Each structure stands twice: as structure tokens, then as C-alpha cells.
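# An overview of the molecular structure
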Amino acid sequence: MGISRVQRRVFVKNVLAVGGGLCLLGASRLSALGSQATSNREVPKAVLEWAEGRPLNFGRVQLVLPPLVENGFLVRTSVLVESPMTEADHVQELRLFSEVNPSPFIANFYLGPQLPEARVETRIRLADTQAVWAVARTNKGEFWCSYQQVIVTLAACAG
Amino acid sequence: MSDPVAPRAVLQFQSPASKGAVIEILAVIRHPMESGFRRTERGELIAANLIRQFVCRFNGKEMFRADLHPGMGADPSICFPFRVEQPGEMECEWLGDQGLTRTVKRTLTILQP
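As a convention, each chain's residues are numbered from 1 in the sequence order in which they are written. Written order decides the labels, with chains lettered from A and ligands numbered from 1. Given that this is a predicted model, residues contribute local features only at a pLDDT of at least 70 and side-chain atom pairs are listed and counted only at 80 or more, while totals for whole chains, interfaces and linings are drawn from all residues.

### Structural notes on the overall build of chain A
Working definition: helices are DSSP H or I runs of at least four residues, strands are E runs of at least two. Numbering for both runs from the N terminus. Helix and strand counts for chain A come out as 2 helices and 9 strands. Going from N to C terminus, chain A has its helices and strands arranged as α-α-β-β-β-β-β-β-β-β-β. Across the 159 residues of chain A, 32% fall into the buried class. Counts of 20 or more other C-beta atoms within 10 Å of a residue's own C-beta define buried residues, counts of 12 or fewer define exposed ones, and intermediate counts define partly exposed ones; C-beta atoms are placed from the backbone.

In C-alpha cells:
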């Protein structure tokens, strides 16, 4: 009786350890997917059209979305752009774009030096697994962008 | 609440707040944000019914503006930071299809030390 109880305890411990390890592996894989900030992904057409040929810089924009959502109808999204938000240097406009939604446009936010920081939180709709893009335009006409991959298990069905 | 002319809208922030503090302004409106891409069971397209624009003013001065597109979720919620400098009136306005306009006002007071 005593021995079997110990064996059971060891078994449970091992199962938990292995399971936890797998979870960690999964999580690190997901975050690796999400934190890419390089330009090796194709930039959506809508973003290029907005930039009108001006260079798109990767960085300065922190886009926070859950890496995996069960339901694409309401996805909490927060965007923070590194900017002093002074009269001389501030973010004027911040846009969110979707790669595969029927319409690539999500929202355009008009900011300015009256705000203490360039940060917006909202809830968006995602039709399928895709990357969401956040692009900021400063008063100097620079474009800063970032994207975040989101896996959607139940799409916000467009049809 | 289900009245299409005046949907329920909420403007929320900390008040009274201390001078110099950064507070969060949260604006939410009840609205289906019908994208115009969905179809009925018969295959007919459901007409778009969207909130198109959101403006927030403080003492009449524009603080924040947004154009909303079909990618926004239903009951659009927008949260942004605001630096408290003086007391006044915060006013949020939503403009949408079918002649929708909705304005919500709330007073911001300064916390006396």
C-alpha cells in the first residue's frame, strides 16, 4: 500500500514535469512566432499604399495581441509607439491593418502632442489566422511598423 | 438600450484625479458593427452598419480621433491615455451609418491635495 502510494506520487510528479515542459515549449514557440520584427514577411498592400513609397521602418511600435485566440470576434489589441510626444516629435497617426480580413482596414487613430504617450487599446475582429500590422506615422513623415502573428481557432466568419 | 437612435454609450475615467497624473479614458458604445461582408442564410448580403468616426474633446479641444473600419469588433471600445492638467468637460462623439450620432459628456475634476 505504502509503496504503491509512493510510486503513484512519483508517477504524478513525472507527468506534471513532462506536461509542464511541453507547455513551456509550446509557449516559447508561440512567442517566437509572435515577436518577429523583421521585414522578411510580405508587407500588406494596404500598408504600402498608405506609405506611398516612403520607407517603412521596423521597430518602435509595440503591438500586443494574444498569440492564440479561440474566437476572432473580439481580440484585445494594444499598441504602444515609442515617441516623446512633444510638439517637435510626435506620432500623428496610427493605423491597424489586417492581412486576410475581407477589408484590410481596422482603424485609424489620430494622435498628437496633447497626449502623454502614443498608446491605444481596442478590440478587433480577425477573420482567420494571420498577422496584424500596426503602422505609425510621425510628424516628420517617418513610418514605423510592427506586426504580430495571431492564431485564430474559430474565425470571425465573414461569410 | 436597444433603441437604434441612441445606443448605450459609456465614457469612463478616473475623476477626481490629481494634477499631472496620466489617466485612462475608456469609451465604449453598444453597436453591432455589421461589416457588410456577412450573408443571410439565403445568401443575400447584409448591409453594412458601422460606426465610422469617434472624436474625443476636452473643453472643446480635440484630444483624440479615430476612423473605424469593419475590422473593429462589435461594441467598439477605445482606450487611450490623457494627462490631467485642469478640470473640465470630456466629450465623446460617435458618428455612424443610418444617421447615428451619439455624444456622451463627463466632468473631470481635480483632486485637492
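### What about the overall build of chain B?
When you go through chain B residue by residue, the secondary structure sums to 0 helices and 7 strands. With the C-alpha coordinates aligned to their principal axes, the bounding extent of chain B is approximately 65 × 25 × 20 Å. Looking at chain B as a whole, 26% of its 113 residues qualify as buried. Contacts in chain B between residues far apart in sequence, at least 24 positions, make up 57% of those at least 6 positions apart. By the criterion used throughout, residues are in contact when their C-beta atoms, derived from the backbone, lie within 7 Å.

### Here's the deal with the nonpolar core
Here, a nonpolar core denotes buried Ala, Val, Leu, Ile, Met, Phe, Trp, Tyr and Cys residues that are linked to one another through C-beta atoms within 7 Å. Grouped together as the largest cluster of nonpolar side chains are 55 residues, with contacts concentrated most on Leu 94, Ala 134 and Ala 136 of chain A. Once residues within four sequence positions are removed from consideration, Leu 94 of chain A is found in contact with Val 79, Val 81, Phe 109, Leu 111, Ala 118, Val 120, Ala 134 and Ala 136 of chain A.

### Some details on the sheet that holds strand S5 (residues 77-83) of chain B
DSSP bridges decide pairing: two strands pair if at least two such bridges lie between them. Taking strand neighbours across the sheet as the criterion, the 6 strands line up as S2(A)-S4(A)-S7(A)-S5(B)-S2(B)-S1(B) in an open arrangement whose pairing is antiparallel. The two strands at the open ends of the sheet, each matched to only one other strand, are strand S2 (61-64) of chain A together with strand S1 (9-12) of chain B. The sheet shows a mean angle of 15 degrees between the axes of neighbouring strands, taken without regard to direction. Examined bridge by bridge, strand S2 (residues 22-29) of chain B and S5 of chain B share 7 bridges and lie antiparallel to one another. Bridge pairing in S5 of chain B links Val 28 of chain B to Ser 77 of chain B. Working convention: axes come from line fits to C-alpha atoms, limited for helices to the stretch in contact. Angles between N-to-C directions cover 0 to 180 degrees.

### As for unusual backbone geometry
Between Ser 15 of chain B and the following residue, Pro 16 of chain B, the backbone shows a cis peptide bond with an omega angle of 0 degrees. Tracing the sequence through the fold places Pro 16 of chain B in the loop between S1 and S2. With phi around 55 degrees, Met 85 of chain A is a residue other than glycine that occupies positive phi space. Residue Met 85 of chain A is classed as buried on the basis of its C-beta count, with 20 C-beta atoms lying within 10 Å.

### Structural notes on the environment of Val 100 of chain A
Residues and elements named next belong to chain A. When you line up the elements, Val 100 lands in the loop between strand S5 (91-98) and strand S6 (105-110). For Val 100, a count of 15 C-beta atoms within 10 Å translates into the label partly exposed. For the pair Val 100 and Gln 130, spaced 30 residues apart in sequence, the C-alpha to C-alpha distance is 6.5 Å. When sequence neighbours within four positions are dropped, the list of residues in contact with Val 100 reads Ala 127, Asp 128 and Gln 130.

### Topic: the environment of Asp 67 of chain B
Secondary-structure assignment places Asp 67 of chain B in strand S4 (residues 61-68). Sequence spacing of Asp 67 of chain B and Leu 95 of chain B is 28 residues, and the spatial spacing of their C-alpha atoms is 9.7 Å. The residues contacting Asp 67 of chain B, other than those within four sequence positions of it, are Ala 107 and Asn 108 of chain A together with Arg 52 and Gln 53 of chain B.

### Remarks on the interface of chain A and chain B
Listed per partner, the contact involves 26 residues of chain A and 21 residues of chain B. Residue classes in the side of chain A that touches chain B are distributed as 14 nonpolar, 7 polar and 5 charged. Across 2 bridges, the pairing between strand S7 (residues 118-124) of chain A and S5 of chain B is antiparallel. In the strand pairing of S5 of chain B, Thr 122 of chain A is matched with Ile 78 of chain B. Amino acids outside the nonpolar list (Ala, Val, Leu, Ile, Met, Phe, Trp, Tyr, Cys, Pro) and the charged list (Asp, Glu, Lys, Arg) are all regarded as polar, and Gly is one of them.

### Some details on the confidence of the model for chain B
Confidence per residue, as judged by the predictor, is encoded in pLDDT with a range of 0 to 100. Predicted confidence across chain B gives a mean pLDDT of 93, with 96% of residues reaching 70 or more. With a pTM of 0.81, the predicted complex shows an ipTM of 0.91.

### A closer look at the pairing of strand S3 (residues 51-58) of chain B
Residues and elements named next belong to chain B. Bridge analysis of S3 against strand S6 (residues 88-96) gives 7 bridges, and the strand direction is antiparallel. In the strand pairing of S6, Arg 57 is matched with Glu 91. Note that S3 and S4 share 6 bridges and pair antiparallel. Within the sheet, the bridge partner assigned to Phe 54 lies in S4 and is Ala 66. The antiparallel hairpin formed by S3 and S4 contains 2 residues in its connecting segment, where Asn 59 sits at a positive phi of about 50 degrees.

### Overview of the pairing of strand S7 (residues 100-108) of chain B
Two strands pair when backbone bridges link them, and S6 of chain B and S7 of chain B are joined in this way by 9 bridges, in the antiparallel orientation. Paired with Trp 94 of chain B across the strands is Arg 102 of chain B, a residue of S7 of chain B.

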